[in-house]
Amino acid sequence: VNPTHLSWKTPAENQSDRITHGTHKRGERQWNAKLTERNVRDIRRLSKTRTQEAIALEFGVKREAVSKILRGERWKWLLAGDE
């Protein structure tokens, strides 16, 4: 390990660095992800005209997953880019 690459950080700063450096495992980068970022954007768009149950069936996930996406509990980082 190169000592110049090391620095003291808080856990929050470490998480921020993971996002900045692209080493995070969130969203579709998780091994068990069923949805892509595009799917999540489509789910948010479709929620204006379809029920959560219908959306869940279309994307092969549970209604609870759709609900959490729409409430911003899952895939929250995409909210800013969806407007």
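So, how was this worked out
- Residues numbered from 1 in each chain as written.
- Predicted model: local features only at pLDDT ≥ 70, side-chain atom pairs only at ≥ 80, totals over all residues.
- Heavy atoms only, no water.
- Core = buried A, V, L, I, M, F, W, Y, C linked by side-chain atoms within 4.5 Å.
- Buried < 20%, exposed > 50% of the residue type's maximum accessible area, 1.4 Å probe, protein only.
- Contact = heavy atoms within 4.5 Å.
- Axes fitted to C-alpha atoms, helices over the stretch in contact; angles between N-to-C directions.
- Helix = DSSP H or I, 4+ residues; strand = E, 2+ residues; numbered from the N terminus.
- Parallel < 35°, antiparallel > 145°, perpendicular 65-115°, else oblique.
- Left-handed = near helix turned anticlockwise from the far one by under 90°.
- Nonpolar A, V, L, I, M, F, W, Y, C, P; charged D, E, K, R; others polar.
- Polar contact = N/O pair within 3.5 Å; in protein donor to acceptor, adjacent residues only side chain to side chain.

Trainee: Mind showing me how you'd approach the nonpolar core here?
Mentor: Inside soluble globular proteins, nonpolar side chains tend to come together where they are buried. Within the largest apolar cluster, 12 residues are counted, these being Leu 35, Val 40, Ile 43, Leu 46, Ile 55, Ala 56, Phe 59, Val 61, Val 66, Ile 69, Trp 75 and Leu 78. What Leu 35 contacts, discounting residues up to four positions off in sequence, is Glu 28, Val 40, Ile 43, Phe 59, Val 61, Ile 69 and Trp 75.

Trainee: Would you mind showing me how to read the packing of helix 2 (residues 37–46) against helix 3 (residues 52–59) here?
Mentor: Pairs of packed helices are described in terms of their axes, by the angle between the two and the distance that separates them. It is the contact of helix 2 with helix 3, at a shortest axis distance of 10 Å, that shows an interaxial angle of 155°. Judged on the interaxial angle alone, helix 3 and helix 2 are roughly antiparallel. For the element pair helix 2 and helix 3, the recorded crossing hand is right-handed. The residues of helix 3 that touch helix 2, namely those facing Asn 39, Asp 42, Ile 43 and Leu 46, are Ile 55, Glu 58 and Phe 59. Its residues placed into classes, the contact of helix 2 with helix 3 shows four nonpolar, one polar and two charged.

Trainee: How do you make sense of unusual backbone geometry when you look at a structure like this?
Mentor: Negative phi values dominate among residues other than glycine, just as trans dominates among peptide bonds. Unlike most non-glycine residues, Trp 75 shows phi in positive territory, near 60°. Judged by its relative accessible area of 11%, Trp 75 is buried.

Trainee: I'm lost on the side chain of Ser 67 in this one. Help?
Mentor: Among the secondary structure elements, Ser 67 is positioned in helix 4 (residues 63–71). Overall, Ser 67 belongs to the buried group, its relative accessible area being 9%. Looking at Ser 67, its side chain comes within polar contact range of the side chain of Arg 71, at 2.4 Å.

Trainee: I would appreciate a short explanation of the packing of helix 2 against helix 4 in the present structure.
Mentor: It is at 10 Å that the axes of helix 2 and helix 4 come closest, and there the two elements cross at 85°. As summarised for this structure, helix 2 and helix 4 are arranged roughly perpendicular, according to the angle between their axes. On helix 4, the residues that touch Val 40, Ile 43 and Arg 44 of helix 2 are Val 66, Ile 69 and Leu 70. Its residues assigned to classes, the contact of helix 2 with helix 4 shows five nonpolar, no polar and one charged.

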